[in-house]
Structures are given as C-alpha cells and as structure tokens.
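Here's the letter readout for the chains.
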Amino acid sequence: MPNRTSRLALAAAGVTVVLWASAFVSIRSAGAAYSPGALALGRLLAGSLVLGIVLLVRREGLPPRAAWKGIVVSGLLWFGVYMVVLNWGEQEVDAGTAAMVVNIGPIMIALLGAKVLGENLPPRLLAGMGVSFAGAVAVGLSMSSGSGESHASVLGVVLCLVAAMAYAGGVVAQKPALAHGSALQVTTFGCLVGAVACLPFAGQLVHEAAEAPLSATLNMLYLGVFPTALAFTTWAYALARTTAGRMGATTYAVPALVVLMAWVLLGELPALLTLGGGALCLAGVAVSRSRPGRTVAVSAGSAGADGSAGTAQAAQATQAGQAGSRESA
C-alpha cells in the first residue's frame with residue numbers, strides 16, 4: 001500500500017503540474033479581455049460550481065470543524081489574494097520577471113513548512129530546489145531578453161512577491177486541514193472562500209463578460225474547470241500524502257512545461273537558454289524528490305544458533321524500507 005499510495009500521489013502531482021502549466025496559455029487569451037479581479041472571480045465561480053456538483057454527487061458533505069481554519073486561510077490567501085494579485089502583477093511586469101519572482105514561492109513553502117509544520121529540510125530537497133530555481137531564473141531571463149516590450153515596474157515586482165507569499169502561506173495553511181477533511185472538501189470550500197472574497201469584482205465581471213470575445217470567456221471557464229477545480233483537488237490529494245516542501249519543489253516543473261507548451265501550441269521556438277533553464281527545472285525536481293538509498297547488510301555469522309538475531313535484523317530492515325516508502329510519497 002505505501003508504494004501504491006506513493007505512485008498515486010506522484011500521478012496526482014503530475015496532473016496538477018501539467019494543468020497549471022496549461023493555465024499560462026489560457027491566461028494570455030482571457031487576460032486580454034478581463035481585468036485581474038474579474039478574471040479571478042470568473043475562474044473561481046466556474047471552479048466552485050464544478051466542485052460543488054462533484055461534492056454533492058459523492059455526498060461528502062461539510063468538512064469537520066477542525067479543518068475550517070486551514071480552509072479559510074488557504075481560501076483567502078491562495079484562491080483569493082494569489083489569483084488577483086498575480087493577474088495584476090503580470091500586467092505590470094514582463095512574463096520573465098514574473099516567473100523569476102513568483103518562483104521563490106516553493107522556497108518559502110519549504111521554509112514555512114519547517115517553521116510552522118515542523119517538516120524536515122533534507123539536503124537533497126534544498127539542493128534540488130536550488131537547481132530548479134536557477135533553471136527558473138534562466139527561463140525568466142530568456143523570456144525577458146527575448147521580448148521587445150520587456151519591462152518591470154517596482155509595483156509589478158512587489159505584486160509578484162505578494163503573490164509568492166500568498167501562495168506559500170496558502171499551501172502551509174492547507175496542509176493541516178487535509179488531516180481532517182478530504183482533498184475534495186478542502187478544495188471545494190477553499191475555492192468558495194476565495195470566490196466570496198472576490199465578489200467585489202462582480203460588477204466588473206458582468207460588464208466585461210458582455211463585451212469579451214467568446215474565446216476569452218471559454219478560456220476563463222477552462223481555467224475554472226481544469227487548472228482550478230481538477231488541478232487543485234489533485235494537488236490537495238498529493239499534499240495530504242507528502243510534505244509541503246516536496247510538493248512545492250514539484251511545481252518547479254511548471255516553467256519547463258510552459259516552455260514546451262508554448263513551443264507546441266503557440267509555435268514559439270524557445271532559445272537555448274530557455275531550453276537549458278527548463279532542463280535545470282526538471283533536474284532539480286528529480287533531485288528534490290529523490291532519497292538516498294539504504295543498504296542493510298545482515299551477517300549470517302552474527303545470528304544465534306536458531307537464527308533469531310538475523311531474523312530481528314531483517315525485520316528492522318523491512319521496517320526501514322517501509323518508512324522510506326512513506327517518506328517518498
């Protein structure tokens with residue numbers, strides 16, 4: 001079961017990363033017709049509707065009282081503040097600068113996880129995150145230098161920094177809630193909290209939806225159904241089965257996938273620096289999720305006449321292996 005759970009958690013994290021990467025392509029269309037707050041509200045309303053229907057079909061009901069603190073905090077920070085501020089920040093800075101600043105989020109998640117949740121910071125996790133962050137910086141630099149309209153205002157950098165902080169705080173707040181509620185419950189009600197927080201933008205959403213092209217509205221709905229409803233649920237499922245630091249490091253695969261998707265879907269040929277940065281991002285994720293192997297040697301000569309000592313050592317080795325499997329999940 002530990003090995004099966006590990007594989008399922010890794011698959012869920014993979015779904016999340018792919019869908020979050022695809023969101024950048026959709027945001028280009030939707031963001032041209034919708035203001036930051038209206039886009040966030042429309043996305044959250046679509047996501048809440050889909051999640052609410054699934055929750056009713058599965059009859060999971062309300063989450064336990066102990067989960068509500070984490071749900072409310074993560075809903076306000078991650079679903080609310082993060083989405084609005086990031087949309088706004090990306091209008092003030094070029095995509096490369098935004099990518100570099102926002103990608104300090106996983107590092108902040110690891111540090112907050114250690115401070116607030118008492119999680120360990122294994123050397124491999126820190127090394128992998130360092131490699132991935134270097135890759136994200138390389139991707140950001142290549143995107144900035146390749147754009148004729150590259151710009152970075154102080155306001156935009158501050159907004160992206162606030163987005164990274166909200167992202168990190170939301171993830172760390174969500175982790176304890178998953179000990180009490182299911183991934184679907186925590187995601188559904190977190191999304192609802194974020195939607196309620198964004199209701200002041202309802203007037204903008206109605207006005208802009210009446211004038212927006214169909215493609216922009218469809219992209220906004222896609223953002224709500226897939227990168228929000230589905231991807232945040234698979235994220236919560238995986239987060240419940242590993243540490244916040246490891247999950248944060250996994251998201252460093254997003255820049256590499258964005259480069260690939262922009263190449264395939266938009267015909268944007270990446271520069272060598274971009275490809276190298278994407279490769280570093282993936283290499284860092286692989287390092288951060290790996291763990292050192294354990295070698296346990298059982299000497300036959302050390303066993304007693306009935307082999308009881310060797311049996312005890314073999315049992316300890318089995319327990320150690322099972323513990324390692326749980327850590328890797």
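To start, this report covers the structure provided alongside it.

Conventions and cut-offs
- Residues numbered from 1 in each chain as written.
- Predicted model: local features only at pLDDT ≥ 70, side-chain atom pairs only at ≥ 80, totals over all residues.
- Heavy atoms only, no water.
- Axes fitted to C-alpha atoms, helices over the stretch in contact; angles between N-to-C directions.
- Helix = DSSP H or I, 4+ residues; strand = E, 2+ residues; numbered from the N terminus.
- Parallel < 35°, antiparallel > 145°, perpendicular 65-115°, else oblique.
- Left-handed = near helix turned anticlockwise from the far one by under 90°.
- Contact = heavy atoms within 4.5 Å.
- Patch = residues over 30% accessible without salt bridge, like charges linked within 9 Å, V, L, I, M, F, W, Y side chains within 5 Å.
- Areas by Shrake-Rupley, 256 points an atom, 1.4 Å probe, with all protein chains shown as cover.
- Salt bridge = Lys/Arg side-chain N within 4 Å of Asp/Glu carboxyl O.
- Buried < 20%, exposed > 50% of the residue type's maximum accessible area, 1.4 Å probe, protein only.
- Polar contact = N/O pair within 3.5 Å; in protein donor to acceptor, adjacent residues only side chain to side chain.
- Disulfide = S-S within 2.5 Å.

Two numbers describe how helix 2 (residues 36–58) lies on helix 10 (residues 214–239): the axes approach to 7 Å, and their chain directions differ by 55°. Classed by the angle they form, the pair helix 2 and helix 10 counts as oblique. The handedness of the crossing between helix 2 and helix 10 comes out as right-handed. In this structure, helix 2 contributes A38, L39, G42, R43, A46, G47, V50 and L51 to the contact, and helix 10 contributes M220, L221, L223, G224, V225, P227, T228, A229, F232 and T233.

Bringing a nonpolar patch on the surface into the picture now. Side chains of L260, W263, V264, L265, L272 and L275 sit close together on the surface and give an oily, nonpolar patch of about 650 Å² of accessible area. With four residues, helix 12 (residues 253–266) is the single largest residue contributor to the nonpolar patch. Structurally, V264 is set in helix 12. With relative accessibility at 60%, the residue V264 sits in the exposed group.

Unlike most non-glycine residues, R59 shows phi in positive territory, near 55°. Take R59: its relative accessible area is 76%, and that puts it in the exposed class.

This paragraph deals with the side chain of Q185. When you line up the elements, Q185 lands in helix 8 (residues 183–197). In this structure Q185 comes out as buried when scored by relative accessible area, which is 8%. At 3.3 Å, the side chain of Q185 and the backbone oxygen of G61 are in polar contact. What Q185 contacts, discounting residues up to four positions off in sequence, is L55, E60, G61, L62, P63, P64 and I71.

Let's shift gears to the state of the cysteines. Taken as a whole and assessed by the stated rule, the structure comprises zero disulfides. No disulfide involves C198; its sulfur sits 9.6 Å from the nearest other cysteine sulfur, which is in C191.

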